[in-house]
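# Descriptive structure summary
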Amino acid sequence: MAPEKGAHRIVFLGPPGSGKGTQARLLMSQFGLEHISTGAMLRSEIESGTPLGLQAQGYIENGQLAPDQLVRTLAEKALKTHDCQQFILDGYPRTVQQAIWLCEFMDSRSITISAAVNFIIDREEVVARLSQRRINYRTGENFHLSDKPPPQDQSEYIITRKDDQPDAIRKRLNIYHERTHPLVDYYSDKKLLVPVDAKASFTEVNEQICNLLKLE
Ligand code: AMP
């Protein structure tokens, strides 16, 4: 079976706080792409107290990567649930090993990743953003204390993620540079890398992505 042409199966790469989740949600509402966030799935498993959530909790709250096998189970389940239709993978893969597994999984279904969007942003901006970030733990929507304050009527559900505390932020950024950033070369070698300036406003970043990926 020949790989299907023109389907959007997109990977979002970029450090924590670079706006991947916000852009993925926007594209989901604009184009009906599935938003598959392994971080959101892990938080939901923790919230529900499942065995998988209990195994992952310590890693996540400390700002470390969860074990590959756990995250792969969730990624695989989500991809199969959506029948590998058009999607954005937000936060998966995060290591070269995960990327290789994803490639093999897609190959086994005769489909391919169509683009890897690389959110480029400097470290200081990310630290500033993450320390101002709040999340509605029920819907997963992100807010920013000054740029996008959480609405009053959601206040009982608004929290600071444990991994948005200064120590965990530092750890996550170091891990990003060591373990995830090599994926920039990995996808560049496959001619799939699409760089975007993630420091721009969220509407500008959205326009960049739509133009570069020819989403309409
Ligand atoms: P995120 O919501 O994408 O920032 O992810 C939150 C946390 O979930 C990360 O800091 C990791 O601890 C864990 N996580 C999410 N995706 C992965 C992944 N692909 N591999 C390992 N850990 C992950």
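I will try to describe carefully the structure that is included in this document. Being a predicted model, the structure only gives us computed values, none of them experimental.

Further remarks concern helix α8 (residues 182–189). All of the buried residues along α8 are Leu183, Val184, Tyr186 and Tyr187. Taken end-on, α8 shows its buried residues confined to a sector of 165°, consistent with a single buried face. Among the exposed residues of α8, those oriented more than 90 degrees off its buried face are Asp185 and Asp189. In this structure, the buried residues of α8 make contact with β1 (9–13), α5 (96–108), β4 (115–120), α7 (166–180) and β8 (193–197). Phi for Lys191, located one or two positions after α8, is positive at around 60°.

Take the site of the ligand next. Every one of the 16 residues lining the ligand counts as a neighbour, but Thr38, Arg43, Gln64, Gly91 and Arg94 are closest to it. Measuring from a nitrogen atom of the ligand, one finds a side-chain N or O atom of Thr38 at 2.8 Å. Within the side chain of Arg94, one N or O atom sits 2.9 Å away from a nitrogen atom of the ligand. Calculation on the ligand without its partners gives an accessible area of 480 Å², and the protein chains cover 95% of this total. Here the shell around the ligand takes four residues from helix α2 (residues 38–48), the largest share from any one element. For the shell around the ligand, a count of residues per class yields six nonpolar, five polar and five charged.

About the criteria used
- The written sequence of each chain sets the order in which its residues are numbered from 1.
- At least 70 in pLDDT is required for a residue's local features to be given in this predicted model, at least 80 for side-chain atom pairs to be given and counted, and no such filter applies to totals for whole chains, interfaces and linings, which use all residues.
- The basis for every side-chain value is the complete set of heavy atoms in the structure, and neither hydrogens nor water enter the calculation.
- To sort residues, take the accessible area from a 1.4 Å probe on protein chains only and compare it with the maximum for the residue type: under 20% means buried, over 50% means exposed, and anything in between is partly exposed.
- Runs of H or I in DSSP of at least four residues are treated as helices and runs of E of at least two as strands, each being numbered from the N terminus.
- Think of it as the arc spanned by the lines of direction from the helix axis to the C-beta atoms.
- Contacts are residue-level and defined by heavy atoms, with any inter-residue pair within 4.5 Å sufficient.
- For each residue, the test is whether any non-hydrogen atom lies within 4 Å of the molecule or strand; if one does, the residue is near.
- Think of a polar contact as two N or O atoms within 3.5 Å of one another; within protein, one of them needs to be a possible hydrogen donor and the other a possible acceptor, and neighboring residues in sequence only count if both atoms come from side chains.
- Here the open area of atoms and residues is found with the Shrake-Rupley method and a 1.4 Å probe, where only the protein chains shown may cover a residue.
- Amino acids are sorted into nonpolar (Ala, Val, Leu, Ile, Met, Phe, Trp, Tyr, Cys and Pro), charged (Asp, Glu, Lys and Arg) and polar (every other residue, Gly among them).

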